[in-house]
Amino acid sequence: MDINKVMIIGAGQMGSGIAQVCAMNGYEVILHDLKQDFVNRGIKAITQNLIKQVKKERLTEQEKTDTLKRLTPSIDLQSAASVDLVIEAAVENMAIKASLFAELDQIAPVHTILASNTSSLPITEIAAATRRPEKVIGMHFMNPVPVMKLVEIIRGIATDDEVYRTIEKLAVSLKKVPVEVNDFPGFVSNRILMPMINEAIYTLFEGVASKEAIDDVMKLGMNHPMGPLTLADFIGLDTCLSIMETLHSGFGDDKYRPCPLLRKYVKAGWLGKKSGRGFYEYS
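Keep in mind the model is a prediction, meaning the values are calculated, not measured.

Any chance you could explain the packing of aromatic side chains here in plain terms?
To describe a pair of aromatic rings, you give the distance between the ring centres and the angle between the ring planes. In total, this model carries four aromatic pairs according to the counting rule given. Consider the rings of Tyr-202 and Phe-205, whose centres lie 6.4 Å apart with planes at 65°: the pair is edge-to-face. Of this pair, Tyr-202 and Phe-205 both sit in helix α7 (residues 189-205), three residues apart, which is roughly one turn of that helix. The class for Tyr-202 is buried, based on a relative accessible area of 12%. Relative accessible area serves as the criterion here: at 43%, Phe-205 is assigned to the partly exposed category. Through pairs of rings, three or more aromatic residues link up here, namely Tyr-265, Trp-270 and Phe-279. Above the plane of the ring of Tyr-280 lies Lys-211, whose end atom (NZ or CZ) is 5.6 Å from the centre. The ring of Trp-270 is capped by Arg-277, whose NZ or CZ atom sits 3.7 Å from the centre of that ring.

What follows is the structure in structure tokens.
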């Protein structure tokens, strides 16, 4: 099964990052979102990233130009009619994803693989919204996509072996390291990472230490590149809450109960770096 043309659904931080690495590695890419402003913002972010790479002499001017030529903006989901693979990077909400996959199933050719970049939601449930569950798979990239090497590849209960091998081969062609993971809430990365972040928030909530102290302990004592509260701000506190809720409902275990302080910050609109304020303030 050959992949030549890819459609990315969602032009935010994750979607634009996935589009960038696909275009940089020779794939024709359609970058889709609901509004032209969203798509333009995604293309602008990609362009700025490529300019930085040229300045650092990691990319030539010609490679930058060629990469941008492979990107096509879209606000029409019918664009999926011409692609071999769709990678969905929309909001982390099962109802939205299921509806989107049902619509893509109607539009995309029968050979097209439908992949989700979900960070925690069950691939089997997403696949059930389609008539091609054997061609639905999870492809969870890490943030920031152009930098991070890992891609978790998640099989749904019906995912075909050939589909898995095709996506594994694609990940390698993107200079990523694919790791096969079974379909459990949070997969591996977020099943381990998010409870750690949640516990750091509880540690702050209970007054054990300041946010700076908590981050310093994990950076200096555990050799983490950034502290868990800084990382939560970088990921987005709404995303952290959504993943913790998925773990909590998926396993039915109170060890995954989201910290009340996390809920309070999300309700306040303090979502982290993207909103200008989370555990820290950002100019």
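Please clarify how the sheet that holds strand β3 (residues 71-74) should be interpreted in this entry.
Working definition: the strands of a sheet are paired by backbone hydrogen bonds and lie parallel or antiparallel to each other. The eight strands lie next to each other as β3-β2-β1-β4-β5-β6-β7-β8, forming an open sheet whose pairing is mixed. Bordering the open sheet on either side are β3 and β8 (177-181), each of which pairs with just one other strand. With strand direction ignored, the average angle separating the axes of adjacent strands in the sheet is 25°. One ladder, built from five bridges, connects strand β1 (residues 5-9) with strand β2 (residues 28-32); its direction is parallel. Following the sheet pairing, Ile-8 is matched in β2 by Leu-31. Against the sheet, helix α4 (residues 94-107) makes contact with β1, β4 (85-88), β5 (113-116) and β6 (136-141), and its axis sits at roughly 165° relative to β5, the strand it touches most.

Thresholds applied
- Residues numbered from 1 in each chain as written.
- Predicted model: local features only at pLDDT ≥ 70, side-chain atom pairs only at ≥ 80, totals over all residues.
- Heavy atoms only, no water.
- Phe/Tyr/Trp six-rings, centres within 6.5 Å; stacked < 30°, edge-to-face > 60°.
- Helix = DSSP H or I, 4+ residues; strand = E, 2+ residues; numbered from the N terminus.
- Buried < 20%, exposed > 50% of the residue type's maximum accessible area, 1.4 Å probe, protein only.
- Lys NZ or Arg CZ within 6 Å of the ring centre and 35° of its normal.
- Pairing = 2+ DSSP bridges.
- Axes fitted to C-alpha atoms, helices over the stretch in contact; angles between N-to-C directions.
- Contact = heavy atoms within 4.5 Å.

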